[in-house]
Amino acid sequence: PVVHEIEAAHAEHARQAEGLIYIETQYFRDRRMARRLAREARDKPGLKMILILPAAPDDVAFEGATGLDARLGEFLQAKCLRILRRGFGRRLFVGGAAQPRRTRAKGRAQLKGAPLIYIHAKVSIFDDRAAIVSSANLNGRSLRWDTEAGLLIERPGTVAALRRRLMEHWLAGEPGAAFFDPGQAVLAWRALATRNAKLPPDQRRGFLLPYDHRQAEVFGRAFPLVPDEMV
């Protein structure tokens, strides 16, 4: 490794964030990043976070993978989410997404009876002051082993427009101002996802559902001596 610019940019803008951090990522498996964000949350009681993840890794959901790498990846993600929950408490919402139709699929290719939407985005937004759009997931492999590329956006108007566009993607109709307000968004998103989880897929509003922490906890396994950056 020569430089870690994407990781460094996340650290710098997390330090500056005061209202809302909004992240969509394929994986969140970097314990160093999780601890950094949790520390910022403990230091800033007004800081909130929305994290959108696929309900399961692609190899687990669609290929039935059960090997060391799949289980270690899920262990690390479950660990990172526990760290975030301890730091943010109720100021954190972790969501998944599913299509608004029923499925007969079993296992982790479905979420609450609907085909999961596989999230492949890698975007982090810090208040309306900075956004990072890149090829890097928030795992050690992307941040410290692989070669990745990204764009740092620091024009407030562009950042605000990007955040709203991303948020609108998961919502339906006229969601209301609370869903976009940094002070109210976490509560609004959690309430919508919880309500959707109680309804049949074709009656849900938008695509949001709660991320199922339990499945990752059960499936994941720690493997001593295997570096986090492997997955």
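Here the structure is shown first, and the text comes after it.
Computed from a prediction, not measured in an experiment: that's the story for all the values here. (Residues numbered from 1 in each chain as written. Predicted model: local features only at pLDDT ≥ 70, side-chain atom pairs only at ≥ 80, totals over all residues. Heavy atoms only, no water.)

Student: Hey, could you run me through the pattern of salt bridges in this one?
Tutor: Two side chains carrying opposite charge are able to pair once their charged atoms lie near each other. Summed over the entire model, instances satisfying the criterion amount to 13 salt bridges. Note that Arg144 is salt-bridged to Asp30, the shortest N-O span being 2.6 Å. Residue Arg144 is located in helix 5 (residues 140-145), and its partner Asp30 is located in the loop between strand 1 (20-25) and helix 2 (31-43); the two are separated by 114 residues in the primary sequence. Overall, the relative accessible area of 10% leaves Arg144 in the buried class. (Salt bridge = Lys/Arg side-chain N within 4 Å of Asp/Glu carboxyl O. Helix = DSSP H or I, 4+ residues; strand = E, 2+ residues; numbered from the N terminus. Buried < 20%, exposed > 50% of the residue type's maximum accessible area, 1.4 Å probe, protein only.)

Student: Help me understand the sheet that holds strand 1 in this model?
Tutor: By definition, the strands of a sheet pair up through backbone hydrogen bonds, in either a parallel or an antiparallel sense. The seven strands lie next to each other as 8-7-6-1-2-3-9, forming an open sheet whose pairing is mixed. Two strands lie at the open edges of the sheet, namely strand 8 (150-153) and strand 9 (208-210), each paired on one side alone. Between one strand and the next, the sheet's axes are offset by a mean angle of 20 degrees, whatever the strand orientation. Two strands pair when backbone bridges link them, and strand 7 (residues 130-134) and strand 8 are joined in this way by four bridges, in the antiparallel orientation. Along strand 8, the bridge assignment pairs Ser134 with Gly150. Sheet contacts for helix 4 (residues 68-88): strand 2 (48-52) and strand 3 (92-97); angle to strand 2, the most-contacted strand, approximately 155 degrees. Its contacts with the sheet put helix 6 (residues 156-170) on strand 1, strand 2, strand 3, strand 6 (122-126), strand 7, strand 8 and strand 9, and the angle it makes with strand 1 is roughly 60 degrees. (Pairing = 2+ DSSP bridges. Axes fitted to C-alpha atoms, helices over the stretch in contact; angles between N-to-C directions. Contact = heavy atoms within 4.5 Å.)

Student: For this particular structure, what's the right way to read the packing of aromatic side chains?
Tutor: By the definition in use, this model includes two aromatic pairs. Ring plane angle 75 degrees and centroid distance 5.9 Å describe the contact between Tyr22 and Trp189, whose orientation is recorded as edge-to-face. Taken together, the positions of Tyr22 in strand 1 and Trp189 in helix 7 (residues 185-197) put the pair 167 residues apart, joining distant regions of the chain. A single burial state applies to Tyr22 and to Trp189, both of which are buried. Above the ring of Phe219, the side-chain terminus of Arg71 is found at 4.4 Å from the ring centroid. Arg164 extends its terminal NZ or CZ atom over the ring of Phe180, reaching a point 3.8 Å from the ring centre. (Phe/Tyr/Trp six-rings, centres within 6.5 Å; stacked < 30°, edge-to-face > 60°. Lys NZ or Arg CZ within 6 Å of the ring centre and 35° of its normal.)

Student: I would appreciate a short explanation of the nonpolar core in the present structure.
Tutor: A general feature of soluble globular proteins is that nonpolar side chains tend to end up buried together. Counting 31 residues, the largest nonpolar core has Ile21, Phe28, Leu37, Met49, Leu51, Leu84 and Phe88 as its most contacted members. Those elements that place two or more of their residues in this core are helix 1 (5-16), strand 1, helix 2, strand 2, helix 4 and strand 3. With six residues, the single largest contributor to this core is helix 4. Once residues lying within four places of it in the same chain are set aside, the contact partners of Phe88 are Leu37, Ala38, Ala41, Leu47, Lys48 and Met49. Of all hydrophobic cores here, the second largest spans 25 residues; its members include Ile50, Phe93, Ala131 and Leu171. (Core = buried A, V, L, I, M, F, W, Y, C linked by side-chain atoms within 4.5 Å.)

Student: Explanation requested: the pairing of strand 6 in the structure shown.
Tutor: Looking along a regular strand, one sees the side chains alternate between the two faces of the sheet. In terms of burial, strand 6 is largely enclosed, as five of its five residues are buried. Side-chain alternation along strand 6 places Lys122, Ser124 and Phe126 on one buried face and Val123 and Ile125 on a second face that is also buried. Bridge count between strand 1 and strand 6: five bridges; the pairing is antiparallel. Residue pairing across strands places Thr25 opposite Lys122, the latter belonging to strand 6. Two strands pair when backbone bridges link them, and strand 6 and strand 7 are joined in this way by four bridges, in the antiparallel orientation. Bridge assignment links Val123 to a residue of strand 7, and that residue is Val133. Linkage of strand 6 to strand 7, two consecutive antiparallel strands, is achieved through a turn of three residues, within which Asp127 is found at a positive phi near 50 degrees.

Without other data, these values stay purely geometric and don't point to any function.
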